[in-house]
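Below, each chain spelled out in residue letters.
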Amino acid sequence: MTTWDPRGTIAAKRERQTLPPDEVERFVLAYAMGEIGDGPAAAFLMASLLNGLDDEETLAMTRAMIASGDTVTFGDLGRPAVDKHSTGGVADGVTLVFAPLAASLGLAVAKLSGRGLGHTGGTLDKLESIPGLRTDLEPDRIAQQVHEVGCAVAAQSSRLVPADGALYALRDATATVPSVPLIAASVMSKKLAVASDLILLDVKAGSGAFMKDPARARSLAEACLALAYGAGRPCGVAITDMSQPLGEAIGNALDINEAVQVLRGSRRGLLRDLSIWFAARALEATGGIHFDEASARAATALDDGSASERFARMIEAQGGDPRVTEDPGSVLPRAPLVVPLLADRTGILGAVDAEGIGMASSALGAGRVRKGEQVDPAVGIVFRPKIGDRIDAKEPLGEIHARSRDAAELASKRTLEALTVAEDPVEPPPLIHGWFPPEGGR
Ligand code: URA
């Protein structure tokens, strides 16, 4: 009997060979089960990032991730189950708004989310800044909550796509995130492990995304679509703009605070617009409702309090304090120091290095440097202007929420360095760069 040696798999990928699907599956499952350690797995990830994985290898990785745990099924929900996932951005709180909003519109949403990754924020870290809230829900608990409340946002766990949980954290700690096949397998393993009727993907493109331009984002969209259609699942993909922070809040509790304002109808802007857009696409695809009518219904659900009420129910069901939807300031953790972020130049905001601002927030403690680290829920950056806006020297652009003055000063400096200020008017970027509507399915 020959013993399997993971070094053979790593060496083959190092030498740009195409791995047989069963070898990829074996490697991923062995790592998930603790048979091989972080060192070989990190080497495999780096070789995969540098030398690529083809469609078969990516499919094998996705299958292994799903097979590493259980799946979520619902029985008869009586309404369509929709999932939505972003490939990662800065101030991207769409899931926080979308899940309760779609539930308030008569859809069901069961979503496995991720933690902060690289410079991007993670829905789970954000939600866990609500005191008491748990995201480590068992598969049957997720299904029950979706039946009762209409939405649940949970983590991968030892029972749900644990291989993605392990690889995701290792990728974060080893600079192996921005790879089309690794992101596609990670995203789609979490989507295919849940028996939803429709998957909507938000593939981000721009300075705050892993894919910096729409062409690379399109490759990621195509890789995700291939995995969805390979599994016979209806999936629509939007390529959306991440050339600047989507919302204003770049942190954890700060993002929740902003999502609450959007859910209560009191905050306008790109975060609201994109949340409405996805909710309307979900209604259009599952209920045949015209997009304009669906958008109007979604806007009304934000403005009449029904989406916010659904968010409170979801938070309560997951053990969190639902008063966060009424008075976020009294429930969410707050940083000891809040200092204004003052512009150092006058002109028109021409471009934003959103990754730079994400890294500045992460360095305050909102993200992780090492695997498994705790994030600081209270700290972060609020950055208000959008591309095309006028900014004036010494006028506030937002605030830095920090633990110390030194940390705040460094975050201010890094944020200001991330801005390009122009003299002439600048056209704001489009919010949606492309849309591949769902087709096919079960
Ligand atoms: N979201 C995920 O779930 N995985 C990634 O790799 C990137 C974004």
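Use the structure listed above.
Because the structure is predicted, anything quoted here is derived from the model rather than measured.

Chemist: If you had to explain the overall build of the chain to someone new, which residues and values would you point to?
Modeler: The number of helices and strands found in the chain is 17 helices and 13 strands. Over its C-alpha trace the chain gives a radius of gyration of 21 Å, about what one expects of a compact globule, namely 22 Å for 442 residues. Over its C-alpha atoms, taken along the principal directions, the chain stretches across nearly 70 × 45 × 40 Å. Taking as baseline every contact in the chain between residues at least 6 positions apart, the subset at least 24 positions apart corresponds to 79%. Carbon together with sulfur atoms contributes 50% to the accessible area of the chain, which is approximately 16900 Å² in total. Taking the average place of the 45 positive charges on the side chains of the chain and the average place of its 58 negative ones, the gap between the two points comes to 2 Å.

Chemist: If you had to explain the packing of aromatic side chains to someone new, which residues and values would you point to?
Modeler: A complete count under the given rule lists 5 aromatic pairs for this structure. Their ring planes at 65° and their centres at 6.2 Å tell us that Trp277 and Phe291 sit as a pair that is edge-to-face. Linking Trp277 in helix 12 (residues 270-287) with Phe291 in helix 13 (residues 291-303), this pair joins segments that are 14 residues apart in sequence. Here Trp277 falls in the buried class, since its relative accessible area comes to 12%. The aromatic ring of Phe278 is capped on one face by Lys84, whose charged end is 5.8 Å from the ring centroid. Over the ring of Phe291 we find Arg281, and its NZ or CZ is 3.9 Å from the ring centre.

Chemist: Break down the side chain of Ser68 for me, with residues and values.
Modeler: Looking at the element boundaries, Ser68 is found in the loop between helix 4 (55-67) and strand 1 (81-86). Discounting residues that sit within four places of it in the chain, Ser68 has contacts with Leu29, Ala32, Val161, Pro162 and Ala163.

Chemist: Please set out the sheet that holds strand 7 (residues 337-342) residue by residue, giving values where relevant.
Modeler: If you trace the 4 strands from one edge of the open sheet to the other, you get 6-9-11-7, paired in antiparallel fashion. Two strands in the sheet have a free side with no partner beyond their single neighbour: strand 6 (249-251) and strand 7. On average, each strand axis in the sheet is tilted by 15° relative to the strand beside it, whichever way the strands run. Relative to strand 9 (residues 380-383), strand 6 is paired through 3 bridges, and the arrangement is antiparallel. Paired with Gly251 across the strands is Gly380, a residue of strand 9. Packing against the sheet, helix 11 (residues 253-263) makes contact with strand 6, strand 9 and strand 11 (396-402), and its axis sits at approximately 145° to strand 6.

Chemist: Please provide a residue-by-residue account of the site of the ligand, values included.
Modeler: By nearness alone, every residue bordering the ligand is listed as His85, Ser86, Thr87, Leu117, Tyr168, Arg171, Ile183, Ser186, Val187 and Lys190. Contact between the ligand and Lys190: an oxygen atom at 2.6 Å from a side-chain N or O atom of the residue. Contact with the protein chains removes 97% of the 240 Å² of surface that the ligand exposes when unbound. Looking at the shell around the ligand, the elements that each hand over two or more residues are strand 1, helix 8 (162-173) and helix 9 (180-192). The dominant element in the shell around the ligand, judged by the number of residues it contributes, is helix 9, at 4 residues. Of the residues belonging to the shell around the ligand, the class tally is 4 nonpolar, 4 polar and 2 charged.

Cut-offs applied
- Residues numbered from 1 in each chain as written.
- Predicted model: local features only at pLDDT ≥ 70, side-chain atom pairs only at ≥ 80, totals over all residues.
- Heavy atoms only, no water.
- Helix = DSSP H or I, 4+ residues; strand = E, 2+ residues; numbered from the N terminus.
- Rg over C-alpha atoms; globule rule 2.2 N^0.38 Å.
- Contact = heavy atoms within 4.5 Å.
- Areas by Shrake-Rupley, 256 points an atom, 1.4 Å probe, with all protein chains shown as cover.
- Lys, Arg positive; Asp, Glu negative; His and termini not counted.
- Charge placed at Lys NZ, Arg CZ, Asp CG, Glu CD.
- Phe/Tyr/Trp six-rings, centres within 6.5 Å; stacked < 30°, edge-to-face > 60°.
- Buried < 20%, exposed > 50% of the residue type's maximum accessible area, 1.4 Å probe, protein only.
- Lys NZ or Arg CZ within 6 Å of the ring centre and 35° of its normal.
- Pairing = 2+ DSSP bridges.
- Axes fitted to C-alpha atoms, helices over the stretch in contact; angles between N-to-C directions.
- Near = heavy atom within 4 Å.
- Polar contact = N/O pair within 3.5 Å; in protein donor to acceptor, adjacent residues only side chain to side chain.
- Nonpolar A, V, L, I, M, F, W, Y, C, P; charged D, E, K, R; others polar.

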